[in-house]
Amino acid sequence: SIADEEWADVLELTAYPDEAMALSSSGIVPPEVGVDWQDENGVVTHELEWVWKDRKVAFAVTDDDFRAVLEAAEWRVVSSLNEEDMLQLKNWLSE
């Protein structure tokens, strides 16, 4: 299926293949991997590891300052892939 092919790409590109595999098996749509975040001047300031643009959901290893920037732009973000954050991603993406 298309989703399977997209997840295969994610697994190839991501630094977190085990966690990606766990998400893929729970029926979540595949994210974009390694997306540059640009500030209002078009300058790349951070990289988001996984992004679901249409849902404004992301996983990014980030600090509190950048998390605040994302949340101000109405994004929902997790900064780890521990059990709690994985559950949070699944909940957001299942809405």
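All values reported here derive from a predicted model rather than from experimental measurement.

Below, the discussion takes up the packing of aromatic side chains. Under the criterion given, the structure shown has six aromatic pairs. When the ring of Tyr16 is compared with that of Trp50, the centres are 6.5 Å apart and the planes differ by 85 degrees; the resulting orientation is edge-to-face. A residue pair is termed long-range when its members are at least 10 positions apart, and Tyr16 in the loop between helix 1 (2–13) and helix 2 (17–24) and Trp50 in strand 2 (residues 44–52) qualify at 34 residues. By relative accessible area, Tyr16 is classed as partly exposed at 26%. Accessibility expressed as a relative area gives 0% for Trp50, which makes it buried.

Before going further, it helps to spend a moment on unusual backbone geometry. The phi angle at Lys56 is positive, at roughly 55 degrees, despite the residue not being glycine. Of note in the backbone geometry, Glu74 takes a positive phi value of approximately 65 degrees without being a glycine. By secondary structure assignment, the location of Glu74 is in the loop between helix 3 (64–72) and strand 4 (76–78).

The next point concerns the nonpolar core. In this structure, Leu23, Trp50, Trp52 and Leu89 are the most contacted members of the largest nonpolar core, which totals 15 residues. Put simply, the parts of the chain that give this core at least two residues each are helix 1, helix 2, strand 2, strand 3 (57–59) and helix 4 (83–93). Sort the elements by how many residues they give to this core and helix 4 lands first, with four residues. The residues contacting Leu23, other than those within four sequence positions of it, are Trp7, Ile28, Trp50, Trp52, Met86, Leu89 and Lys90. Val35, Trp37, Ala60 and Val77 belong to the second-largest nonpolar core, a separate cluster that totals 10 residues.

Attention now moves to the pairing of strand 2. Pairing of strand 1 (residues 32–38) with strand 2 involves six bridges; the strand directions are antiparallel. The partner of Val33 across the bridge, within strand 2, is Trp50. The turn linking strand 1 back onto strand 2 is made up of five residues, and Gly42 within it adopts a positive phi angle of 80 degrees. Alignment of strand 2 against strand 3, held across three bridges, turns out to be antiparallel.

This part takes up the sheet that holds strand 2. In sheet architecture, strand pairing relies on hydrogen bonds along the backbone and comes in two forms, parallel and antiparallel. The sheet built from four strands is open, its strands ordered 1-2-3-4 with mixed pairing. Strands with a single pairing partner mark the edges of an open sheet, and in this sheet they are strand 1 and strand 4. The mean inter-strand angle of the sheet, taken between neighbouring strand axes irrespective of direction, is 40 degrees. Across the face of the sheet, helix 4 comes into contact with strand 2, strand 3 and strand 4 while running at roughly 155 degrees to strand 4.

Definitions and cut-offs
- Residues numbered from 1 in each chain as written.
- Predicted model: local features only at pLDDT ≥ 70, side-chain atom pairs only at ≥ 80, totals over all residues.
- Heavy atoms only, no water.
- Phe/Tyr/Trp six-rings, centres within 6.5 Å; stacked < 30°, edge-to-face > 60°.
- Helix = DSSP H or I, 4+ residues; strand = E, 2+ residues; numbered from the N terminus.
- Buried < 20%, exposed > 50% of the residue type's maximum accessible area, 1.4 Å probe, protein only.
- Core = buried A, V, L, I, M, F, W, Y, C linked by side-chain atoms within 4.5 Å.
- Contact = heavy atoms within 4.5 Å.
- Pairing = 2+ DSSP bridges.
- Axes fitted to C-alpha atoms, helices over the stretch in contact; angles between N-to-C directions.

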